[in-house]
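# Structural features, examined
Each chain is listed here by its residues.
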Amino acid sequence: MTDHWTARSEPLLDAEERVSGRKLYVDDLRLPDTLVARFLRSPNAHARIVSIDVSRALATPGVKSVITGLDAPRRYGVLPVGHDETALAVDKVRYAGQEVACVAAETEEIAEDALRKIVIQYELLTAHLSAHSAMAATHHLVHDDKPGNIEKEYHHSFGDSVRGLAEADVVVADTFYHPRVSQAATEPHGTLARFDGADHWTIWTSTQTPRHVQRGVALALDVPAESIRVIPCAVGGGFGGKSETFPQDVSAALLSRITGAPVRIRLSREEVFTLHRGRPENYVRMRLGLRRDGKVTAVECEVIQDGGAFCGYGVATILYSGALLGAIYDIDNIRYDGYRVLTNKPACGPMRGHGTIATRHAFEALLDQAAVALDLDPLDVRRANLLKPNSRTVNDLRVTSYGYPECLERVAEASSWKARRGRMPRGRGLGMAGSHYVSGAANSIVRGSSPHSTVVIEIDPSGRVTLLTGAAEIGQGSDTVLALVAARRLGLEASAIRVISGDTALTPPDLGSYSSRVTFMTGNAALEAATRLAARLKQAAGKRLGLPPDALVLAGGAVRSAPGGPMLLAFQDAVRMAAGGEGQLIEKGSYLPPGEAQGGRFPGSGVGPGVAYSYSAQVVEVQVNEETGEVRVERVWAAHDCGKALNPQAVMGQVEGSVWMGLGQALSEELHYSPQGLLLNGGLLEYRIPGAVESPPVEVFIVESHDPEGPFGAKEAGEGSVAAVIPALTNAIHDAIGVWITELPITPERVLAAIQRQGHGSGAKPALPRPRRRENASARP
Amino acid sequence: MIGLPSFRLHRPTSIEEAVGLLAEHRDDAKLLAGGTDLLVNLRHGLATPSHIVSLAEVPGLDRIDCSPEHGLTIGALSTLESLATHPGVEESFPVVVRAARTISGPTLRAMGTVGGNLCLDTRCHWYNQSFFWRQACGFCLKKDGTACHVAPGSSLCWAAYSGDLAPAFLVLGAEIKLLSVRGERRVPLDRFFLDDGLRKFDMASDELLTQVCVSATRAHLRGVYSKLRIRGALDYPLAGVAAAARIAGGGTFHEAALALTAVGPRPFLVEGATEILEGLRANDEDAIERVAHLARRLSNPMNTTWAMQPAYRRLRVGLFARDALREMGERGP
């Protein structure tokens, strides 16, 4: 059996359907007699609900039902430790824009009209709108059981950072601030729910994680998960913003049971921004010690995240921020203090590059600050801190394949780093940085020891192959990559394989499309299923041909003795022989991460371990106008180690998209809240995603480190390249004009302020919040 | 809101019928040209007309006539794209084309009209929000409320005028034609704009802007338009400076004018700039700095957008003015 993979770019299986507009999104679905529902949202950031009167809304002609918090009071949440949400606010509202009531009516206009007739009396509570004020609060807590408004804090110490810093020849320290940013996926969230009778529902929804939605809705409605069938429609982008159960999922399901009619909810763009589930505000304080030769001796890092009103994935986010200080460089001493803070703003989510962006910015920026202090080339500093493949980090992360060194060399060479960095006219600069990401989390957020992915492949007697997977195709190309893996093993074209994905009633369990897990984990499950089928086919063919199965290969749609050899038996015939009386060939494969990848044994050790890590190195070339403070990114070189590019074109697209998304956060994206907690820029005009004009040429290099456990050696491609571009850019700005930008986005005003600060020699940056560590904090699981 | 509110749509087929409808419904009616401003405002509940008068089937309002002899006349329904790509206008009145090309992006320029851009509603981040948002925040002076969130206590509205074409036409001394059932009147553009977001234009509710005219005497002036924005497309200006001048054979400024937009409730000419520069050498850095300083001093951006601070917007007005004058002078006679 040959495992050699010949790279060939394939268009995504659904590309034509998507670009021609035939693909069906939730909002395209039409069921007879469907009602539409709209939410009434809280105008206040923090208030007790004294009374709700829905009688006038209910009496509006065309209104079929009005529900409020008490109609579904059970709490849910995506993490087992974070069941703190209800579909509609119960007793109090925790952020401006939170769902308080939901009206189902014949038309949206009627529903909107009815919303205005709902009378709610609020008693205002102190709103905690920043991490600073929330941590200082002693009363009117966001959740009564979270003193100091701390959702969770972790204090991790590996090695001895104090000794490490003492041994350093130079210690650099700085503070960093990243504001909230949003995924702003093309498709706004939507749900269509139908109560099928006898406590069964079908929910069509825009989600990355059908199984999490199934579980969440079941929890909220107090019914068994099996009674909910979730069918993910085509998803117009997720980026971590569609990975949870949302109020619209629960509300539509409940309203459908009450009214007996299907209920559809689509969110407006403003509502999507209000819902958020994007990145939290991050305040990072970091110290880095280095020896004269550039070797890092220790890192100390404190992260405070303003995570909004609910936990969501927050505990995982704050853990990723610390854990992924490891697994890219060889560091003996790591200290991490992380605080996830609750505030009266919308909850945050696992946005692309989950938890790693701000700490990576800080670390890579400080590496450069140290390089300047030591008069070393930043490339050489990075070279001096490389890991070895197949090693274990001080914080118990298992690193297998490690293509980072080659990533660095590729971008250094392509950008003429040695010849140009530090040698261009003032205003022009080059900067470098690296980043990495898990290729699927080694530990499931669902407790238990079930496989993370199971794939079933069926071949009917006509030779048609159907692959069933619970992973959701969200535009990232997961259907295509699974088809490619199975097709490769079965000797077919990817287009010959029909992929049915996501439907919880038809497909085997899979955790879903997040944390860059599908290619690796679901890919391995698909490979196992396909390998079993291939063995059965060769067995049957060998029997018929009188040849040992080992002498046969499946290639070019037939059984052959060698890939280019003559056809010995058509694929279809082999299928019929193998199926015998069964009529159909069915095999399943599954994937469960190996125990040794699952990390250490300390509180919070579950998050950070990946079954493998992708790596990225990037160089950014920038032009800075010192008079106006304007920054123009001229060019980006990005090398990404994806293990093995199963579909090079798709990898390039993911890396380009990552760079571009990171640049948006670096240059112009941020969410602004008013003094009373209302989102000021909840629209695509005022939330400034860069356009074609701002998009520099991005040269992508694929680095293949052939992961020993990935399917055909593959790892993830979609997240590891987001983080590096930000510090590469700030490092380039330093190369251009000699100032360090530590706050995002890099507005002209911030650049001018940094120039001015440098001129006056004062470090008058905005203050960071000061956490108060509680004594027994690290003992808690 | 996702859907549009209810209204009665009128589709007049002549200009007379259109102004007749305006006279009949007055404040209860809104004109619909390209719709790129109005439709957003309808969804936000900022415009709540019972009647909408569509100009889609009114003929004869989308002509652009341009010649060095007769000057420039632009029908109000000309699309921004047709203006941005007009070779004759680019040749004779370059500042207009340069401004038009900065407006939003190609698709919106294909819909948006010259008249609509001139009559753009003023903008403010406390105002350009959904009904839910404005209600939650507390309605403002400009719509449904009594208080100004930008300048508490103010009885004027400080929402910023955000059109890009107005300053370009201002530096060329343009006039506009307003038509109503009462007849036609010509108004110099610099008198059309008023300094209050509540009463933005010298235009009655039954009047229709039909044409913009620039005199032939202003043909072949050099022109520059500079726009401060965060992205290179889509964004409204956070400050804009238009400049025009004739550079005489000896390299001296004549008929120089500067106008500002997006730094107050109305676009306006920088008063005194023409007098300072008249007859001075185009490389007179001293005079250029004086005019730049003047422009900066006259600009009065307020906190109507979270996107950039007023101080930075004023800084850029000065730099834009300086650079525009330098650029016009540098290109030789």
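Here's what I pulled together on the structure shown here.

Calculation notes
Residues numbered from 1 in each chain as written. Chains lettered and ligands numbered in written order. Predicted model: local features only at pLDDT ≥ 70, side-chain atom pairs only at ≥ 80, totals over all residues. Heavy atoms only, no water. Helix = DSSP H or I, 4+ residues; strand = E, 2+ residues; numbered from the N terminus. Rg over C-alpha atoms; globule rule 2.2 N^0.38 Å. Buried < 20%, exposed > 50% of the residue type's maximum accessible area, 1.4 Å probe, protein only. Areas by Shrake-Rupley, 256 points an atom, 1.4 Å probe, with all protein chains shown as cover. Lys, Arg positive; Asp, Glu negative; His and termini not counted. Charge placed at Lys NZ, Arg CZ, Asp CG, Glu CD. Patch = residues over 30% accessible without salt bridge, like charges linked within 9 Å, V, L, I, M, F, W, Y side chains within 5 Å. Salt bridge = Lys/Arg side-chain N within 4 Å of Asp/Glu carboxyl O. Pairing = 2+ DSSP bridges. Contact = heavy atoms within 4.5 Å.

Scanning chain B from terminus to terminus reveals 13 helices and twelve strands. In terms of C-alpha radius of gyration, chain B reaches 20 Å, essentially the compact-globule figure of 20 Å for 333 residues. Expressed as a percentage of the 333 residues in chain B, the buried residues total 57%. For chain B, the computed accessible surface area is about 13,100 Å², with 51% contributed by carbon and sulfur atoms. For chain B, the distance from the average site of its 37 positive side-chain charges to the average site of its 36 negative ones is 5 Å.

Side chains of B:D190, B:E271, B:E275 and B:E278 sit close together on the surface and give a patch of like negative charge. Turning to its location among the elements, B:E275 is positioned in helix 11 (residues 273–277).

This part takes up the pairing of strand 7 (residues 150–158) of chain A. All names here are of chain A. Among the nine residues of strand 7, eight are classified as buried, and the element is accordingly described as predominantly covered. As defined by bridge partners, strand 7 adjoins strand 15 (residues 334–341) across eight bridges and the pair is classed as antiparallel. The residue of strand 15 that forms the bridge with E153 is Y339.

Here we come to the sheet that holds strand 12 (residues 268–269) of chain B. Residue and element names in this part refer to chain B. Spatial strand order, 9-10-11-12: four strands in an open sheet with antiparallel pairing. Bordering the open sheet on either side are strand 9 (222–228) and strand 12, each of which pairs with just one other strand. Summarising the sheet, strand 11 (residues 253–261) and strand 12 pair through two bridges and their orientation is antiparallel. When the sheet's bridge partners are listed, A259 is paired in strand 12 with L269.

Once that is clear, we can look at the side chain of A:D14. All names here are of chain A. Tracing the sequence through the fold places D14 in the segment before helix 1 (15–19). Overall, the relative accessible area of 7% leaves D14 in the buried class. In this structure D14 touches K23 and E473, once residues within four positions along its chain are discounted.

It is worth spelling out the pattern of salt bridges at this point. Residue and element names in this part refer to chain A. In this structure the tally under the stated criterion is 81 salt bridges over all chains. Here E364 makes a salt bridge to R360, at a shortest N to O gap of 3.0 Å. Placement of both E364 and R360 in helix 10 (residues 357–374) is noted, with a separation of four residues, approximately one turn of the helix. Side by side, E364 and R360 carry an identical accessibility label, which is buried. The closest approach of N and O atoms between K644 and E704, which form a salt bridge, is 3.3 Å. Taken as a pair, K644 in the loop between strand 27 (631–641) and helix 17 (648–667) and E704 in the loop between strand 28 (698–703) and helix 18 (725–737) lie far apart in primary sequence, 60 residues in all. Its relative accessible area of 10% is what places K644 among the buried residues. E704 sits in the partly exposed class, given a relative accessible area of 28%. Overlapping salt bridges, with partners in common, bring together R38, R41, E99, E112 and E271 in one network.

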